[in-house]
Amino acid sequence: MIGGGSAIGTAHRGRGETRLVAAVLAAALLTAGAVSALAAGTTPVPTPDAPEPALCRVEPVPLAEIEAAIAAATPTAGTSRMRDVVPAGEPTDAATAAGVTATVRELVACFNAGELLR
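Residues numbered from 1 in each chain as written. Predicted model: local features only at pLDDT ≥ 70, side-chain atom pairs only at ≥ 80, totals over all residues. Heavy atoms only, no water.

Run through the overall build of the protein chain, naming residues and quoting values.
Helix and strand counts for the protein chain stand at 3 helices and 0 strands. Ordered by position in the sequence, the α and β elements of the protein chain form the string α-α-α. Looking at the protein chain residue by residue over its 118 residues, the buried ones come to 17%. Here the contacts in the protein chain between residues at least 6 apart in sequence split such that 81% fall between residues at least 24 apart. (Helix = DSSP H or I, 4+ residues; strand = E, 2+ residues; numbered from the N terminus. Buried < 20%, exposed > 50% of the residue type's maximum accessible area, 1.4 Å probe, protein only. Contact = heavy atoms within 4.5 Å.)

Below, the structure written as structure tokens:
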């Protein structure tokens, strides 16, 4: 799993932010097909690779830790974390891409299991 570690602090805040980004991306990817199908007036096609709930193996995160990560990640007044343009960068390596893919798959598996705090 990307971000690893269970210590509260910088590593935990990074893991919480990674999970938030992964959740948003997963939701966008899962709904994109259904929205485009509805707009076209056709029946949505089921997701061909929906991770089984049994793939949700990450330990639950206590609600207090989630709240602390959100509070620590909240920008101060007058600052913005959103950019109009995504900065150019180098493509990621295969190991990082595989780790992100595995994390998103497990996130969706936990969602499918009804385990939203994992």
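How would you summarise the state of the cysteines if you had to cite specific residues and measurements?
One covalent bond between the sulfur atoms of two cysteine residues makes up a disulfide. What the rule picks out here adds up to 1 disulfide. Between the sulfur atoms of Cys 56 and its disulfide mate Cys 110 the distance is 2.0 Å. Of note, the bridge from Cys 56 to Cys 110 carries an S-S torsion of about 90° and is right-handed in sense. One end of the pair, Cys 56, is in the loop between α1 (10-40) and α2 (63-73); the other, Cys 110, is in helix α3 (residues 94-112), with 54 residues separating them in the sequence. On the basis of relative accessibility, which here comes to 11%, the residue Cys 56 falls in the buried class. (Disulfide = S-S within 2.5 Å.)

Break down the pattern of salt bridges for me, with residues and values.
Throughout the structure, instances matching the rule amount to 1 salt bridge. Salt-bridge contacts for Asp 49 lead to Arg 105; the nearest nitrogen and oxygen are separated by 2.7 Å. Here Asp 49, found in the loop between α1 and α2, pairs with Arg 105, found in helix α3; they are 56 residues apart in sequence, far enough to count as distant. (Salt bridge = Lys/Arg side-chain N within 4 Å of Asp/Glu carboxyl O.)

Outline α2, listing residues and values.
Here α2 has its buried residues at Glu 65, Ala 69 and Ala 73. The buried residues of α2 occupy one face: seen down the axis, they fall within an arc of 65°. What points out from α2, more than 90 degrees from its buried face, is the exposed set Ala 64, Ile 70 and Ala 71. (Arc of directions from axis to C-beta.)

An account of the environment of Cys 56 is requested, with residue identities and associated values reported.
Sequence separation between Cys 56 and Gly 114 is 58 residues; the distance between their C-alpha atoms is 9.8 Å. Dropping the residues within four chain positions of it, Cys 56 is found in contact with Glu 106, Ala 109, Cys 110, Glu 115 and Arg 118.

Describe α3, with residues and values.
For α3, spanning 19 residues, the distance from its first C-alpha to its last is 27 Å, which sits close to the expected 27 Å at 1.5 Å a residue. Where α3 is concerned, the buried positions are Gly 99, Thr 103, Val 104, Glu 106, Val 108, Ala 109 and Cys 110. Measuring from the side-chain oxygen of the N-cap residue of α3 to the backbone nitrogen of Ala 95 gives 3.1 Å; that N-cap residue is Asp 93. Once α3 ends, the next one or two residues include Gly 114, with phi positive near 80°. (Expected span 1.5 Å × (residues − 1). Polar contact = N/O pair within 3.5 Å; in protein donor to acceptor, adjacent residues only side chain to side chain.)

Go over the confidence of the model for the protein chain, please, and point to the residues and values.
Low-pLDDT portions of the prediction should not be read for the details of their coordinates. Across the protein chain, the average pLDDT comes to 74, with 56% of residues at or above 70. Across the protein chain, the element-wise mean pLDDT spans from 60 in α1 up to 93 in α3. (pLDDT = per-residue confidence, 0-100.)

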